[in-house]
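# Remarks on the overall topology
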Amino acid sequence: MDGTRPLSVGQESLWLLHKLAPDSAAYNLAGGARMAPAPDVPALARAVRALSARHDGLRSVFVEVDGRPRRVVREAEPDGLDVRDVPDADDERLWEMVLEVTREPFALTREARPFRAVLLRRREDAAFLMVTHHIVTDATSQWLLWRDLIAAYEAYATGGEPDLPPVRASYDDHVAREARLLDSPSGERMAEHWREVCAGAVPAELPTDRPRPPFQSFQGASVARRLPDEVAEGLRATAARIGVSPFAFLLGTFQGLLYRHTGQPDFTVGCPASTRRAAAREVVGYYVNPILLRSRFARSTTFADAAVAANHQVRRGMAGAAYPYPLVAREAAGPLFRIAVTMVAADRFGPTLERAVAGEVMHVAGRKLSYMEIPHMEGQCDLTVEFTQDASALVTVFRYDTDLFERATVDRLLDHFVRLVEAGVADPLTKITRAPLVSAAERQRLLAMGT
């Protein structure tokens, strides 16, 4: 096995999913930036090259040895920037091309790397896109890449050299640590914990608009909604009074929404958890492991009850988050979750990128740079819910499987969720079953339709 490196259990699972659906872009992570005027191409190409040299996951390819996937690290490509001149593209056509670039699947073979850097250059400005496969990156890794790319470009464009923190660890350290855990008493205790959680567990399953196909196509779309600012502010205050995090309150409320829509009193959802340690703060890699959250509801459950229970579920789950979920799922007769929930705090990306995510224009080497939020990671589950919190806003995104749901259905579901959050913030002692899912005006309209 000279020259090859083992994968983590999570990476092996992603490799299997890739083999099952090689033409899917469901596990592509994407981000982009508008730059005006268009960037200095030699400086940008040099920055992309430096990025690949710094993070070996970007120049890795995958092979199978004796039936097991392995990683091979290549040299940095001399020209990793793909420049496409589109001088006459209007904004609508430019956006279409952005989506085409980000939705192109990766081959993940000896010839194809899991990283793509593309510049769509118009006469006066350009869109720069970075796309990776999830097998080598996670959300934190994406922001590390953007931080490093911006620093390198600014340095090269002004005649300097980038000054970045040293990378003192490697993803191989994580793989080795995981192997030691699985061969330890601690690993066995975690395995037993997850067996207890899974015993008799049934995944939350929303009514679908169409029958579930025999094979998942991993095709999806997204709907996003920003919570009213006064509701977001009230959420933080209400969660603090109950003694839980804002995420726990949102999670409990969403679980309450599932109870209202499914009627299931006992169900599971997934929650992606980070397994990244402090030593790996500069490492680009796949440090994600889903944890299973199991909730129980009754007609008397209040918003406060649901939030406290969700907080407890997350704390217990995080205690066993290092144990690979694919090994948990392997022992189950069927899927353990069809719906996943996660929260991203933009402030963890640093003040510069936090402002960019919030919509502020950055100035980089004489160019105006504005971050582009690009839909990605769609169609992995029936529904994936992501909460993004920054200093000024709380945005909820519902990513859904388009084989199962119409957009109108997901729009309505998100409306219902916002309505429940508003009700829970106003009075957390309200029973979830008693909170209205539609506004008074909408209720009157529906009643009128029935007459």
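Preceding this section is the structure that the text describes.
A quick note: this is a predicted structure, and the numbers were derived from the prediction, not measured.

### Quick look at the overall build of the chain
In terms of helices and strands, the chain carries 13 helices and 14 strands. For the chain, the C-alpha radius of gyration of 23 Å lies close to 22 Å, the compact-globule estimate for 451 residues. Seen along its three principal axes, the alpha-carbon backbone of the chain occupies a region of about 65 × 55 × 45 Å. Within the chain, contacts between residues at least 6 apart in sequence are counted, and of these 77% link residues at least 24 apart.

### Comments concerning the pattern of salt bridges
Tallying each qualifying case throughout the model produces 38 salt bridges. The shortest N-O distance in the salt bridge between Arg34 and Asp91 comes to 3.6 Å. Here Arg34 is found in strand E1 (residues 28-36), whereas its partner Asp91 is found in helix H3 (residues 91-102), with 57 residues between them in sequence. What makes Arg34 partly exposed here is its relative accessible area of 24%. Between Arg195 and Glu188 there is a salt bridge, with its nearest N and O atoms 3.1 Å apart. Residues joined by salt bridges that share partners form a network here, namely Arg5, Asp56, Arg71 and Asp172.

### With respect to the packing of helix H7 (residues 229-242) against helix H8 (residues 246-262)
Two elements in contact, H7 and H8, have axes separated by 8 Å at closest approach and are oriented at 95°. In this view, H7 runs roughly perpendicular relative to H8, as classed from their interaxial angle. Counted together, Leu235, Arg236, Thr238, Ala239 and Ile242 of H7 and Pro246, Phe249 and Leu250 of H8 form the full contact between these two elements. Here the contact of H7 with H8 is built from residues that sort into six nonpolar, one polar and one charged.

### Here's the deal with the side chain of Asp138
Take Asp138: it is sitting in the loop between strand E6 (126-133) and helix H4 (139-157). Overall, Asp138 belongs to the buried group, its relative accessible area being 3%. At 3.3 Å, the side chain of Asp138 forms a polar contact with the backbone nitrogen of Thr140. Each residue touching Asp138, except ones within four places of it in the same chain, is listed here: Leu29, Arg276, Gly285, Tyr286, Tyr287 and Val288.

### Quick notes on the side chain of Gln380
Note on placement: Gln380 falls in the loop between strand E12 (367-372) and strand E13 (383-389). Using a relative accessible area of 18% as the deciding quantity, one classes Gln380 as buried. Within polar-contact distance, the side chain of Gln380 engages the backbone oxygen of Ala26 at 2.9 Å. Those residues within four positions of Gln380 in sequence are excluded, and the remaining contacts are Ala26, Tyr27, Gln216 and Phe218.

### Things to note about H3
Structural remark: α-helix, 3.6 residues per turn; residues separated by three or four positions point the same way. Along its 12 residues, H3 runs 17 Å from first to last C-alpha, staying within 8% of the 16 Å computed at 1.5 Å per residue. Listed as buried for H3 are Leu94, Met97, Val98, Leu99, Val101 and Thr102.

### A short note on unusual backbone geometry
For the bond running from Ala36 to Pro37, omega is -5°, close enough to zero to count as cis. Locating Pro37 in the fold gives a position in the loop between E1 and helix H2 (41-54). In this model, Asp66 sits at a positive phi of 55°, which is unusual for a non-glycine residue. Considering the arrangement of structural elements, one finds Asp66 in the loop between strand E2 (60-65) and strand E3 (68-73). Judged by its relative accessible area of 73%, Asp66 is exposed. The backbone of Leu108 sits at a positive phi, close to 55°, despite the residue not being glycine. Of note, Leu108 is situated in the loop between H3 and strand E5 (115-121). Leu108 sits in the buried class, given a relative accessible area of 0%.

### Side note on empty space enclosed by the protein
Applying the stated criterion across every chain yields a total of three cavities of 30 Å³ or more. Estimates place the volume of the largest cavity at around 90 Å³. Taken together, Leu14, Leu17, His18, Ala21, Ser24, Ala26, Tyr27, Asn28, Phe106, His133 and Phe218 make up the full set of residues lining the largest cavity. At three residues, helix H1 (residues 9-20) tops the list of elements feeding residues into the lining of the largest cavity. Within the lining of the largest cavity, the residues separate by chemical class into seven nonpolar, four polar and no charged.

### Re the packing of aromatic side chains
For the structure shown, the criterion picks out 14 aromatic pairs. Where Tyr171 meets Tyr287, the ring centres are 5.2 Å apart and the plane angle is 75°; that geometry is what we call edge-to-face. Here Tyr171 is found in helix H5 (residues 171-182), whereas its partner Tyr287 is found in the loop between strand E8 (266-274) and strand E9 (288-296), with 116 residues between them in sequence. With respect to burial, Tyr171 and Tyr287 carry one shared label: buried. Aromatic side chains Phe398 and Phe417 sit 6.2 Å apart centroid to centroid with 45° between the ring planes, which places their arrangement in the tilted category.

### Here's the deal with the sheet that holds strand E11 (residues 362-364)
If you trace the six strands from one edge of the open sheet to the other, you get E4-E5-E6-E1-E12-E11, paired in mixed fashion. Looking at strand neighbours, the two that pair on one side only are strand E4 (81-85) and E11, the edges of this open sheet. Adjacent strand axes in the sheet meet at a mean angle of 25°, parallel and antiparallel pairs treated alike. Bridge count between E1 and E12: five bridges; the pairing is antiparallel. By the bridge assignment, Arg34 is partnered in E12 with Ser370. Running over the sheet, H3 touches E1, E4, E5, E6 and E12 and is turned about 20° from E6. Contacting E1, E6, E11 and E12, H4 runs over the sheet at an angle of about 140° to E6.

Basis of the calculations
- Residues numbered from 1 in each chain as written.
- Predicted model: local features only at pLDDT ≥ 70, side-chain atom pairs only at ≥ 80, totals over all residues.
- Heavy atoms only, no water.
- Helix = DSSP H or I, 4+ residues; strand = E, 2+ residues; numbered from the N terminus.
- Rg over C-alpha atoms; globule rule 2.2 N^0.38 Å.
- Contact = heavy atoms within 4.5 Å.
- Salt bridge = Lys/Arg side-chain N within 4 Å of Asp/Glu carboxyl O.
- Buried < 20%, exposed > 50% of the residue type's maximum accessible area, 1.4 Å probe, protein only.
- Axes fitted to C-alpha atoms, helices over the stretch in contact; angles between N-to-C directions.
- Parallel < 35°, antiparallel > 145°, perpendicular 65-115°, else oblique.
- Nonpolar A, V, L, I, M, F, W, Y, C, P; charged D, E, K, R; others polar.
- Polar contact = N/O pair within 3.5 Å; in protein donor to acceptor, adjacent residues only side chain to side chain.
- Expected span 1.5 Å × (residues − 1).
- 1 Å grid on protein atoms, 1.4 Å probe; cavity = no way out; pocket = protein on both sides within 12 Å on 5 of 7 lines; lining within 4 Å.
- Points joined across faces, edges and corners; volume = space filled by probe spheres on them.
- Phe/Tyr/Trp six-rings, centres within 6.5 Å; stacked < 30°, edge-to-face > 60°.
- Pairing = 2+ DSSP bridges.

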